[in-house]
Amino acid sequence: MAGSGVGNPNTAPKILLAKPGLVAAGKFNRGGGAEEDGAALRSRLPSVGSLNLLSDSWDFQIDRFLPFLTDNTEFTVVGVIGPPGVGKSTILNEIYGFDSSSPGMLPPFGVESEETRVMARHLTVGIEPRVSSERIILLDTQPVFSPSVLAEMIRPDGSSTISVISGESLSAELAHEMMSIQLGVLLASVCHIIIVVSEGVHDASMWRLMMTQVNLLKHGIPDPSSTTLSHPQSSDKEAANKPLVESGDEYMAAPIFVHTRVRDHDNTPQNSQALQKALAQCFGTSRSVSEGQDAARGAQDKKLFLVPAKGKDGSSRPLYESYASALWKVRDQVLSMTTSSFSRTVSEREWLKNSGKVWELIKNSPTIADYCATLQTSGLYRK
């Protein structure tokens, strides 16, 4: 799928958390016997609610999600990142093909309830993965810049309960900032497409985060197909300090920028054009934008979408485009998008295992550690 489009944009993926034994026989040359093995496979699959890729100690864990993946090599990874309450999970549910009108059907990704919003709590913790029967792997991340995430990780003395930089004790505020950067770096390294979600048309915080992580990504973080992950370098000190990838060979996921909860008076063609121009200027020299996208669209098309606010009754009455129509446009873009492939072909299971190794590289990255040290001495965060 990656490199040739995800699929027919007019055909919704089947509503299924695609278990390995339930994939149609022969579709990925896996042979027959799917029906015979289905019961046995179901008995060893973990519950959907326990698939998180990150543990409470911020370590990558593959055992929960691995049984849902196959040796198929035709798959696409889509990740989403953004602040709390902007509709990240809703966008992924749309891409997955979830039909909220079907009675008794629960969405693949939980969405905010009124109680959650009133309590100012976040719903997603760590990285929640799902996979559709079309072999689209979707990664929903915990919100960045989230007061509730910060509240859960702060000790009475202000230090962090989570070690986000190996061997470093940080204040909760700084650790919270670094968590956001690490999540962004990971998604840009292991996904084919990264959806960057912001609220309204005036919030540029996610743009700034992307610019930061793009700069960090230029320093030796490989994609999950890199041979350096399968064949580690020697323990020699000189080899250990050598970058895993050369500067010109770095992989970047293709970004899609989505602004949700856009008010009617802001959701105009003029504002859309102005944002498109600002995005081109902001990321004009960025590898993640200029190289990771479909060259046929030209340098000026940065894949920007404005989604109007949704009414309390589930309706919206915009001047230019409806809420549902805007979400469908985002979904169609993802499903029809031609993206860069990883440096070599890997299976779904290899992708997951190597993504865990990429995560360890990110946590131990000297570049990210230096950036953290700079923030620590800047006086912006308590020590």
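Here the structure is a predicted model, which is why all the values come from computation and not from measurement. (Residues numbered from 1 in each chain as written. Predicted model: local features only at pLDDT ≥ 70, side-chain atom pairs only at ≥ 80, totals over all residues. Heavy atoms only, no water.)

*Asks:* Break down the pairing of strand β2 (residues 127–131) for me, citing the residues and quoting the values.
*Replies:* Taking burial as the measure, the five residues of β2 include five buried ones, the bulk of the element. Burial along β2 is two-sided: I127, P129 and V131 and E128 and R130, pointing in opposite directions, are all buried. Pairing of β2 with strand β3 (residues 136–141), which is carried by five bridges, proceeds in the antiparallel orientation. Within β3, the residue paired with R130 across the bridge is L138. (Buried < 20%, exposed > 50% of the residue type's maximum accessible area, 1.4 Å probe, protein only. Helix = DSSP H or I, 4+ residues; strand = E, 2+ residues; numbered from the N terminus. Pairing = 2+ DSSP bridges.)

*Asks:* How would you explain the confidence of the model for the protein chain if you had to name every residue and give the values?
*Replies:* Scored by pLDDT, the protein chain comes out at a mean of 77, with 70% of its residues at no less than 70. With pLDDT under 50 throughout, residues 233–242 is counted as low confidence; its partners more than four residues away or in other chains account for seven contacts. Considering only residues more than four positions removed or in separate chains, one finds that residues 289–300, a stretch of pLDDT under 50, has 22 contacts. (pLDDT = per-residue confidence, 0-100. Contact = heavy atoms within 4.5 Å.)

*Asks:* Before we move on, could you go through helix α13 (residues 366–376) and cite the residues and values that matter?
*Replies:* Among the residues of α13, I368, C372 and L375 are the ones counted as buried. Angular distribution of buried residues about the axis of α13 spans 60°; they occupy a single face of the element. Residues of α13 that are exposed and point over 90 degrees away from its buried face: P366, D370 and T374. (Arc of directions from axis to C-beta.)

*Asks:* Outline the pairing of strand β5 (residues 254–262), supporting the account with residue identities and numerical values.
*Replies:* Counting buried positions along β5 gives eight out of nine residues, so the element sits mostly inside the fold. Of the strand pairs in this sheet, strand β4 (residues 193–199) and β5 are connected by seven bridges, and their pairing is parallel. The partner of E199 across the bridge, within β5, is T260. Pairing analysis gives four bridges linking β5 to strand β6 (residues 304–308), with the strands arranged parallel. Its bridge partner being in β6, V262 is matched across the sheet by P308.

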